[in-house]
Amino acid sequence: MKLNELVLVMMLVGFFVFTANVFAGDNDPEHGNAAGQTTMAQQAYASEPGSGGGHGNEGGHAGGHGHPDLGRVLPLYACIPFACMLLSIALLPLVAGTFWHHHFGKISAFWAACLAIPFVAVYKGDAVYEILHIILADYVPFIILLWALFTVSGGILLRGTLRGTPAVNTGIILLGTILASWMGTTGAAMLLIRPFLRANNFRKNRTFMVVFFIFLVANVGGSLTPLGDPPLFLGFLHGVSFFWTLKILPHMLVVSGILLVIYFFLDTWNFKKEGAVVPDDGEKKPLRLVGTYNFLFLGGIVVAVLMSGILDLGQISTFGVHRAIQDWLRDIGLIVLGIFSLWATPWTLREENEFSWFPIIEVAYLFIGIFITMIPCLLLLKAGPDGAFAFLIAAVEEPFHYFWVTGILSAFLDNAPTYLTFFNTALGSFYAGMAESASVPLLMTDKMVYLQAISTGSVFFGAVSYIGNAPNFMVRSIAAESGTAMPSFFGYILKYSLVFLIPTFVVVTFIFF
């Protein structure tokens, strides 16, 4: 066994012993948290009205289909493996870059095991259910959708002379921001990131360009329809009308306007500072798209995602995890569309597009660790006032509270369950005891500012970190593979999010909330 593998095994064993004792101690009757407390929590949950699962896999995996709500008994320190996973992504590329590059998949598996092994040892079948649920109902659809969009967009090539001047770059980002609400932030980002990078291959500093691309195309642009971002799609499934999200157009215009103006001046300043000269390749070649048949596959992906939220074909149980039939059909359809794209597109075209599988492999390896270690955090969040995050839930009262708390949690956790948690918190605060079919229309009208705060917070703050929204890490990986120096996890937050995003969100708060 190699030395680095031995170190990983030793770390795993040590952390397992520690966390198993911690979990067991928290469940030990002598420590005032008897195993009977879990039974009480199960009984309380079983008697709670409307505790069943929601539509498809959107109903939340805490307590669905007769499973106890572990979020009520989990300690806050169960989130330690998730924090360690994030710290590994943030620090190891800086302090042990070669080791990280060759072993990031093993490190992700290590932290996933550090959560899964003691979690299953203490909570037995209930823990197994939670792990299977997040894999089958969340991770697998997440990766399939990313893979399909990555594969199809990789078959669309823009040929011709396109040079990254400040005006051209701002135009590309603006186009992506507009497209994101109609083809999804992931779709728009995957479609435009390669042409954007090629147009700027003569520029010395491309880092800030990609960061602002992530800000706007991969996040803020997805604000206007349920197709744009998962939280808004989740709201659509729970009764928010399709075009209600146009109510946050003013918020989106303010954020987009501020960031685009900042970007233009920042790009202009860097262009002059670099002394950049647009290369003269002789005769300018007209722009033309090759592989345009992939737009049919791209449209098929959008339709498949939309129809999975509209149709109701019943549910099917897989390893005890209940998922909607239309969700499985969507996933199968996305795989078929991706395969058709691979079959229809010559590989030489993909090579010309600088296409490789590494970015999607990196995302798949890292996010399995993120999803599994995130389980306790999501369970605590979904437990609401009955979990360890009760102090946070109880403090949320005003619209700006909803905006910032929903946003900050969405920046590091899955923004879809975060949206749903505070969506339900608002419904419970204003329309307690009222059916969702009656209360949601009231929230959309009488308490519209609260729903606007939840919606904008969950979407906008996805740009704050690499893991805030699905396409962020994909864009980072593609850019890094193309030779663009990308900031570290904390570098992205400290140098860009805190400097440009947070002040913009403060402006939004004063104007709207």
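Our subject is the structure listed above.
Predicted, not measured: the structure shown is a model, and the values here were computed from it.

### Some remarks on the overall build of the protein
Here's step 1: The helix and strand inventory of the protein stands at 21 helices and four strands.
Here's step 2: Across the 513 residues in the protein, those meeting the buried criterion constitute 57%.
Here's step 3: Across the protein, every contact between residues at least 6 apart in sequence was considered, and the portion connecting residues at least 24 apart equals 80%.
Here's step 4: Working note: accessible area of the protein is about 20500 Å², and carbon and sulfur atoms make up 69% of it.

### Considerations on the nonpolar core
Here's step 1: With 148 residues, the main nonpolar core has Phe119 and Phe215 as its most contacted residues.
Here's step 2: Tallying contributions element by element places helix 4 (residues 97-153) first for this core, with 25 residues.

### A few points about the packing of helix 9 (residues 249-274) against helix 21 (residues 489-512)
Here's step 1: Here helix 9 crosses helix 21 at 145°, and the two axes come no closer than 10 Å. With respect to the hand of their crossing, helix 9 and helix 21 are arranged in right-handed fashion. Contact with helix 9, carried on its side by Pro250, His251, Val254, Val255, Ile258, Leu259, Ile262 and Leu266, involves Phe500, Leu501, Thr504, Phe505, Val507, Val508, Ile511 and Phe512 of helix 21 and no other residues of that element.
Here's step 2: Taken together, the residues of the contact of helix 9 with helix 21 break down into 14 nonpolar, two polar and no charged.

### Regarding the pattern of salt bridges
Here's step 1: Throughout the structure, instances matching the rule amount to eight salt bridges.
Here's step 2: The residue arginine 330 makes a salt bridge to aspartate 327 at a minimum N-O spacing of 3.4 Å. Separated by three residues within a single helix, arginine 330 and aspartate 327 lie in helix 11 (residues 325-344), roughly one turn from each other.
Here's step 3: Residue classification places aspartate 327 among the buried positions, given a relative accessible area of 3%.
Here's step 4: Bridged by salt links that share partners, the residues Arg323, Asp327, Arg330 and Asp331 form one connected network.

### Here's the deal with a nonpolar patch on the surface
Here's step 1: There is a patch of nonpolar side chains on the surface, built from Val303, Met307, Ile310, Leu311, Leu313, Leu329, Ile332, Ile335, Val336, Ile339 and Phe340 and spanning about 920 Å² of accessible area.
Here's step 2: If you list the elements that add at least two residues to the nonpolar patch, you get helix 10 (294-310) and helix 11.
Here's step 3: Ranked by residues supplied to the nonpolar patch, first place goes to helix 11 with six residues.
Here's step 4: Its place among the elements puts isoleucine 332 in helix 11.

### Here we look at empty space enclosed by the protein
Here's step 1: With the rule as written, the count across this model stands at three cavities of 30 Å³ or more.
Here's step 2: Estimates place the volume of the largest cavity at around 940 Å³.
Here's step 3: Considering the residues around the largest cavity, the lining is formed by 46 residues, among which Phe142, Leu145, Pro230, Asp414 and Ala416 are closest to the centre.
Here's step 4: Here the lining of the largest cavity gets seven residues from one element, more than from any other, and that element is helix 4.

### Some remarks on the state of the cysteines
Here's step 1: Tallying each qualifying case throughout the model produces zero disulfides.
Here's step 2: Here cysteine 79 is not disulfide-linked; the sulfur of cysteine 377 is the nearest cysteine sulfur, at 3.1 Å.
Here's step 3: Look at cysteine 79 and you get buried, because its relative accessible area is 13%.
Here's step 4: Overall, cysteine 377 belongs to the buried group, its relative accessible area being 3%.

### Things to note about unusual backbone geometry
Here's step 1: Backbone geometry at lysine 124 places phi at a positive 50°, although glycine is not the residue there.
Here's step 2: Backbone geometry at phenylalanine 319 places phi at a positive 55°, although glycine is not the residue there.
Here's step 3: Positionally, phenylalanine 319 belongs in the loop between strand 3 (315-318) and strand 4 (321-324).

### So, helix 16 (residues 399-412)
Here's step 1: For helix 16, built from 14 residues, the straight-helix expectation of 20 Å at 1.5 Å per residue is met to within 8% by its first-to-last C-alpha distance of 21 Å.
Here's step 2: When you tally the buried positions in helix 16, you get ten out of 14 residues, the bulk of the element.
Here's step 3: The elements touched by buried residues of helix 16 are helix 14 (375-382), helix 15 (390-395), helix 17 (415-430), helix 19 (448-460) and helix 21.

### Observations concerning the packing of helix 4 against helix 10
Here's step 1: Put simply, helix 4 and helix 10 touch, their axes get as near as 9 Å, and they point 160° apart. Between helix 4 and helix 10, the interaxial angle falls into the category roughly antiparallel. For the crossing formed where helix 4 meets helix 10, the hand is left-handed. Listed contacts from helix 10 to Leu145, Ala148, Leu149 and Val152 of helix 4 are Asn294, Phe297, Leu298, Ile301 and Val305.
Here's step 2: A class-by-class count of the residues in the contact of helix 4 with helix 10 yields eight nonpolar, one polar and no charged.

### Examining helix 4
Here's step 1: Across its 57 residues, helix 4 extends only 29 Å between first and last C-alpha, which sits more than 12% below the 84 Å expected from 1.5 Å per residue.
Here's step 2: Residue lysine 124 marks the point of greatest curvature in helix 4, where the axis turns by about 135°.

Rules used throughout
- Residue numbers here run from 1 along each chain, matching the order of that chain's written sequence.
- Two thresholds apply to this predicted model, a pLDDT of at least 70 for residue-level local features and 80 or more for giving and counting side-chain atom pairs, whereas whole-chain, interface and lining totals are computed over all residues.
- To get the side-chain values, all heavy atoms of the structure are used, and hydrogens and water are removed first.
- Only DSSP runs of H or I covering at least 4 residues are called helices, and only runs of E covering at least 2 are called strands; the numbering of each starts at the N terminus.
- Remark: exposure states derive from per-residue accessible area (1.4 Å probe, protein chains only) relative to the maximum for the residue type, with buried under 20%, exposed over 50%, and partly exposed in between.
- In what follows, a contact means two residues having at least one pair of non-hydrogen atoms within 4.5 Å.
- The protein chains shown are the only cover counted for residues, whose accessible areas, like all others here, come from Shrake-Rupley with a 1.4 Å probe.
- Here, nonpolar core refers to any group of buried Ala, Val, Leu, Ile, Met, Phe, Trp, Tyr and Cys residues whose side-chain atoms link them within 4.5 Å.
- Angular values range over 0 to 180 degrees, each being the angle between N-to-C directions of two axes fitted as lines to C-alpha atoms, with helices fitted over their stretch in contact.
- Left-handed describes a crossing whose near helix is turned anticlockwise from the far helix through less than a right angle; right-handed describes the clockwise counterpart.
- Side-chain classes are defined by residue name, with Ala, Val, Leu, Ile, Met, Phe, Trp, Tyr, Cys and Pro counting as nonpolar, Asp, Glu, Lys and Arg as charged, and the others, Gly among them, as polar.
- Criterion for a salt bridge: a side-chain nitrogen of Lys or Arg within 4 Å of a carboxyl oxygen of Asp or Glu.
- Surface patches are drawn from residues lacking salt bridges whose relative accessible area is over 30%; two like charges belong together within 9 Å, two nonpolar side chains (Val, Leu, Ile, Met, Phe, Trp, Tyr) within 5 Å.
- We place a 1 Å grid over just the protein atoms. Points where a 1.4 Å probe fits but has no way out form a cavity, open points with protein on both sides within 12 Å along at least 5 of 7 lines form a pocket, and any residue with an atom within 4 Å of a point lines it.
- Grid points are joined across faces, edges and corners, and a volume is the space filled by probe spheres set on the points.
- Criterion for a disulfide: a pair of cysteine sulfur atoms at a distance within 2.5 Å.
- Between the first and last residue of a helix there are one fewer steps than residues, each counted as 1.5 Å, and that sum is the expected span.
- Small angles under 35 degrees read as roughly parallel and large ones over 145 as roughly antiparallel, with 65 to 115 read as roughly perpendicular and the rest as oblique.
- Here the bend at each residue means the angle between axes fitted to two seven-residue stretches, the one ending at that residue and the one beginning there.

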